[in-house]
Amino acid sequence: MRISLNWLREYVDVKVSAEELATQLTMAGLEVESIDHLGDKYRGFVVGEVVQTARHPNADKLTLCKVDVKKDVLRIVCGAPNVAAGQRVAVGFIGALVPRNQHAPAGEPFTLSRVKIRGEESFGMICSEYELDLGDDKDGIMVLKSHAEIGSDLSQYLGLDDTVFEIGITPNRPDAMSHIGVAREVAASYGTKLKLPAVKLKESKALTRKVAKILVAEKSGCPRYTARVMFGVRIGESPEWLRKRLEAVNIRPVNNVVDITNYVLMEIGHPLHAFDYDKLNAHTIIVRRAKQGDQFITLDHKTRQLKDDTLMIYDADGYVAIAGIVGGANTEISETTKNIFIESAYFDPRWIRRTSKFLGLSTEASQRFERGSDPNITLRAVDRAAELIQRICGGEALHAALDAYPQKLKARMVNLRPEKANEVLGTKLGARTISGLLRKIEIKEIRAPGRSRSERLAFSVPTFRPDIEREIDLVEEIARIYGYNNIETQKCGKVSFHSQAPGESLIDHLRECLAGSGFAEIISNSMQEVSIASIASSNIVHIGNPITRDMAALRTSLLPGMLQIIRNNLFHGSKDLRLFEFGQAYFRDVSSREGSPVPGYTEENRLIIACSGVASPPAWDTPARSADLYDLKGELETLFRKILLDNIKFIPYPTTKALTDMGLLIEIHGVIAGEIGRVHKGLMTRFEVEQEVFFAEVNTDLLLEKISSRRTFKPLGKYPLVTRDVAFVVDENLAVGDIEESIREAGGSLLRRLELFDTYRGNQIHSGKKSLAFALEFLSEDHTLTQEEIDRVMHNIITAVSKKFDGVLRG
């Protein structure tokens, strides 16, 4: 959107440079994409007076001219036939860039230089309209008005002493799509007062309601319709100041009435439309839907196809405008127009957006309506237009505007917690300061009796700001008006955690994590054959009246159901499987818990994960790799990290259980929460599964219990990490986890990370021994670690492993 600086200054005192103002607007959220100094095009051009002319001695069609430019009298050779003494003309100095060259095929610009023309030197140029890009006349020079001031800049004479900002208005800021809207932001930024133009309309005694009617049939699409009628208007060309204003913002002048509606649009930001009153059948306006398939000829004389959800403006005979987008050719203002009907309505943004997209037609009006115009400015907008029309075009403004507004749209109330605003912004603003900042953009505090301002504030948001709906929207406004540059850059941010454990959302979170890791969810039957249900436990729950023999008991593990689904997939050719299921396991009188729904019985919520087949497909440089126990162990560790679960151990156990022939128990905070392992071969045979299956089954009730409700955060270290590697030779039967626990104890608070990265068994060490290599990372929160500190900690680690496990440091 283009904003004229001269125009803007009518509503707010701006004493800073255009560049500084552009920076401030950008920092306030209205990004200035470019600055156009209109006078730059005519830099080096002034108003001059031809004081003397003489025939060129060597050319019949050339004239030697002496031109007074106030500070000097220039000698210029001119080829125009209409040059004469006493004329005020446009003069270009040497070095000036002439916008168009009438001797070049494409009229490319060129720079003036000192030249000799047929032996006579010329020190400038008297320009034509074409050369100045002000018209198409190439035959003669452009003769200025006699009152043009000699020596003044040509841009000043042409009314181009203005600067125009191209502002990228975001879709959520319809209030900024006008000069007054931008002026409001400028006033807030510089602490000055917004100056609104006074509306001084003189009304006649004749009543508008006696000569015109409004009927809004589609109130959801048009909550408010305001209009004025004016008689005896003279249609003609707009005054120069009005044309210059519109041209500066790239609006083509049409005639005085249409130009005034566009002027008010760019001033206030509310679209208007003027109808020829005498062309409105029965002088009646009706707002309702179009009929499917109807056609309508718009102002651009194009035929538009209509749908039944297109909001239209009718008269008593038919269509006269597409609501909020464009008027019709059948009621446009023309030279013969004497009486006008001025529309100032508020249309629902959804209706306008839908119709504009369907028609592929975007106008200045639709761009504002579809973003959300102000429903409570329609009367002021139409009165402002009527006042200007009365001043420029004459005419009689009938008494009392028509205003169909059955249900007033009121200002929205939004609550704000000062503490929350300061938390988000990293500021320490008090309630009074916050209220003062928002008051600058007309968001006023509502004082609520009995409410502490330090805890919560309530604000009335004006209807011209439809984008402000929530507390965070007010926080954004506070940041804009306070100034992003005034907000101190925080070295550390505040982190907020939920005060309670995830509860029911835990399952959804786990499900999302597993699906993201490539697992597919299954659902199996919780009723099973007695012999299958008793595989995992003898404390089975029998069903009193089973439908079939296969559904005589409730499951004690999710594994049998998982194996049945794996078997079905294998029979259908799907061999590479990654599956999971959430479900319940049921037991009879097993550690009967207090509060159990059914005394003597227990129900556990569980998660089972299984993988089988190829874990990594073959590539050109690596063969295929089958899934193993470590794939599943890694998936579980990743899952536990994502739910912030720590203090986990995987404990090997004897393979005497019926479900596995190789496995680990999962211990969380000292409590066994499940198991992980390879399914026993006998069980695989029973379910006709011929390839290895690895599974993990976890009690999710215990997961929920062990997830801490208190969350903590530790900032990243400011000091450098120190890394060391160490390898020990120990007995083959020693568990790596026990050695890691000993290393952590000896490393103390400085040891931040411990990882086993290599194991070795071979000729270089004794039989029955293994070499374990660990990567260690050390970090201090308050200083850079010294070599002596690292050596001391490493000594403690080596001593601990040597004494407790008879480990030997491997060189």
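Our structure is the block above this text.
First things first, this report covers the structure right here in the doc. (Residues numbered from 1 in each chain as written. Predicted model: local features only at pLDDT ≥ 70, side-chain atom pairs only at ≥ 80, totals over all residues. Heavy atoms only, no water.)

A count of helical and extended segments in the protein chain gives 20 helices and 44 strands. In summary, the protein chain has a C-alpha radius of gyration of 42 Å against a globular reference of 28 Å for 811 residues, an excess of more than 25%. Seen through its principal axes, the protein chain has C-alpha atoms that stretch 120 × 70 × 65 Å. Taking all 811 residues of the protein chain together, 48% fall into the buried category. If you sum the accessible surface of the protein chain, you get close to 41,700 Å²; carbon and sulfur atoms cover 48% of it. Positive and negative charge centroids in the protein chain, built from 106 and 109 side chains respectively, lie 5 Å apart. (Helix = DSSP H or I, 4+ residues; strand = E, 2+ residues; numbered from the N terminus. Rg over C-alpha atoms; globule rule 2.2 N^0.38 Å. Buried < 20%, exposed > 50% of the residue type's maximum accessible area, 1.4 Å probe, protein only. Areas by Shrake-Rupley, 256 points an atom, 1.4 Å probe, with all protein chains shown as cover. Lys, Arg positive; Asp, Glu negative; His and termini not counted. Charge placed at Lys NZ, Arg CZ, Asp CG, Glu CD.)

Time to look at helix α4 (residues 179-190). For the α-helix, the turn length of 3.6 residues means that residues three or four positions removed from each other point alike. Taking 1.5 Å per residue, 12 residues should reach 16 Å; α4 reaches 16 Å between its end C-alpha atoms and fits that length. Those residues of α4 lying buried are His179, Ile180, Gly181, Val182, Ala183, Arg184, Glu185, Val186, Ala187 and Ala188. Contacts made by the buried residues of α4 are with β1 (2-4), α1 (5-8), α2 (18-27), β12 (163-168), α6 (256-268) and α12 (471-482). Put simply, Ser178 is the residue that caps the front of α4, since its side-chain oxygen is 2.9 Å from the backbone nitrogen of Gly181. Positive phi appears at Gly191, one or two residues downstream of α4, with a value of about 70°. (Expected span 1.5 Å × (residues − 1). Contact = heavy atoms within 4.5 Å. Polar contact = N/O pair within 3.5 Å; in protein donor to acceptor, adjacent residues only side chain to side chain.)

On to the packing of aromatic side chains. For the structure shown, the criterion picks out 9 aromatic pairs. Each member of the aromatic cluster is reached from another via a ring pair, and the members are Trp7, Trp241 and Tyr263. One residue, Lys138, lies across the ring of Tyr130, its end atom 4.4 Å from the ring centre. Cation over ring: Arg184 sits above Phe464, and NZ or CZ is 4.0 Å from the ring centre. (Phe/Tyr/Trp six-rings, centres within 6.5 Å; stacked < 30°, edge-to-face > 60°. Lys NZ or Arg CZ within 6 Å of the ring centre and 35° of its normal.)

Turning our eyes to something else, we now look at the sheet that holds β12. Here 3 strands make up an open sheet; going across it, the order is β1-β12-β2 and the pairing antiparallel. The open sheet has two edge strands with one neighbour each: β1 and β2 (31-37). In this sheet, neighbouring strand axes are inclined to one another by 25° on average, regardless of whether the strands run parallel or antiparallel. Where β1 meets β12, 3 bridges bridge the pair, whose relative direction is antiparallel. Following the sheet pairing, Ser4 is matched in β12 by Val164. Sheet contacts for α2: β2 and β12; angle to β2, the most-contacted strand, approximately 160°. (Pairing = 2+ DSSP bridges. Axes fitted to C-alpha atoms, helices over the stretch in contact; angles between N-to-C directions.)

With that settled, the discussion passes to unusual backbone geometry. Most peptide bonds take the trans configuration, and most residues that are not glycine carry a negative phi. Even without being a glycine, Lys70 presents a positive backbone phi close to 80°. Looking at the element boundaries, Lys70 is found in the loop between β4 (63-68) and β5 (73-78). Using a relative accessible area of 61% as the deciding quantity, one classes Lys70 as exposed. Of note in the backbone geometry, Glu442 takes a positive phi value of approximately 65° without being a glycine. Structurally, Glu442 is set in the loop between α11 (431-439) and β27 (444-446). What makes Glu442 partly exposed here is its relative accessible area of 33%.

Here we come to the packing of α11 against α12. Between α11 and α12, whose axes approach to 9 Å, the crossing angle comes to 80°. Relative to α12, α11 is oriented roughly perpendicular. Where α11 approaches α12, its residues Ile434, Leu437 and Leu438 are matched on the opposing element by Leu474, Glu477, Ile478, Ile481 and Tyr482. Tallied by class, residues from the contact of α11 with α12 come to 7 nonpolar, no polar and 1 charged. (Parallel < 35°, antiparallel > 145°, perpendicular 65-115°, else oblique. Nonpolar A, V, L, I, M, F, W, Y, C, P; charged D, E, K, R; others polar.)

Further remarks concern the sheet that holds strand β26 (residues 412-416). Taking strand neighbours across the sheet as the criterion, the 3 strands line up as β26-β28-β27 in an open arrangement whose pairing is antiparallel. This sheet does not close on itself; its edge strands, each paired only once, are β26 and β27. Each neighbouring strand pair of the sheet contributes to a mean axis angle of 40°, computed without reference to strand direction. In the sheet, β27 pairs with strand β28 (residues 457-461) via 3 bridges, with the strands oriented antiparallel. If you follow Ile446 over to β28, its bridge partner there is Ala458. Across the sheet, α12 lies against β26 and β28, angled at about 80° from β26, the strand it touches most.

All right, on to the nonpolar core then. Residues Leu8, Leu25, Phe165, Ile167, Val257 and Ile389 are the most contacted members of the largest nonpolar core, which totals 54 residues. Where this core is concerned, the elements lending two or more residues are α1, α2, β12, α4, α5 (240-248), α6, β23 (340-346) and α9 (378-393). Leave out the neighbours within four places in its chain, and Val257 touches Val233, Ile235, Ala274, Ile333, Ile340, Ile389 and Cys393. Judged by nonpolar contacts, the second largest core, of 37 residues, contains Ala212, Ile285, Phe347 and Phe369. (Core = buried A, V, L, I, M, F, W, Y, C linked by side-chain atoms within 4.5 Å.)

This paragraph deals with the packing of α5 against α6. Look at α5 against α6: their axes get within 10 Å of each other, and the N-to-C directions meet at 50°. Judged by the inter-axis angle, α5 sits oblique to α6. Considering the relative orientation of α5 and α6, their crossing is left-handed. Judged by residue contacts, Trp241, Leu242, Arg245 and Leu246 of α5 engage Asp259, Ile260, Asn262 and Tyr263 from α6. For the contact of α5 with α6, the class distribution of residues is 5 nonpolar, 1 polar and 2 charged. (Left-handed = near helix turned anticlockwise from the far one by under 90°.)

Another point: the environment of Asp731. Within the fold, Asp731 resides in strand β41 (residues 722-731). Sequence spacing of Asp731 and Ser771 is 40 residues, and the spatial spacing of their C-alpha atoms is 8.8 Å. Leave out the neighbours within four places in its chain, and Asp731 touches Gly768, Lys769 and Lys770. Within the structure, Asp731 has its side chain in polar contact with the side chain of Lys769 (distance 2.6 Å).

Across 10 bridges, the pairing between β41 and strand β43 (residues 769-778) is antiparallel. Paired with Asp731 across the strands is Lys769, a residue of β43. Note: β41 against strand β44 (residues 808-809), 2 bridges, orientation antiparallel. Within the sheet, the bridge partner assigned to Phe728 lies in β44 and is Leu809.

Tracing the backbone shows Ser742 in helix α19 (residues 736-747). Ignoring anything within four residues of it in the chain, the contact list for Ser742 reads Ala800, Val801, Lys804 and Phe805.

Take the pairing of strand β6 (residues 88-92) next. The side chains of a regular strand alternate, first on one face of the sheet and then on the other. In terms of residue burial, β6 counts as a mostly covered element, since 5 of its 5 residues are buried. In the sheet, strand β3 (residues 45-55) pairs with β6 via 5 bridges, with the strands oriented antiparallel. The residue of β6 that forms the bridge with Val47 is Ala90. Across 2 bridges, the pairing between β6 and strand β11 (residues 125-126) is antiparallel.

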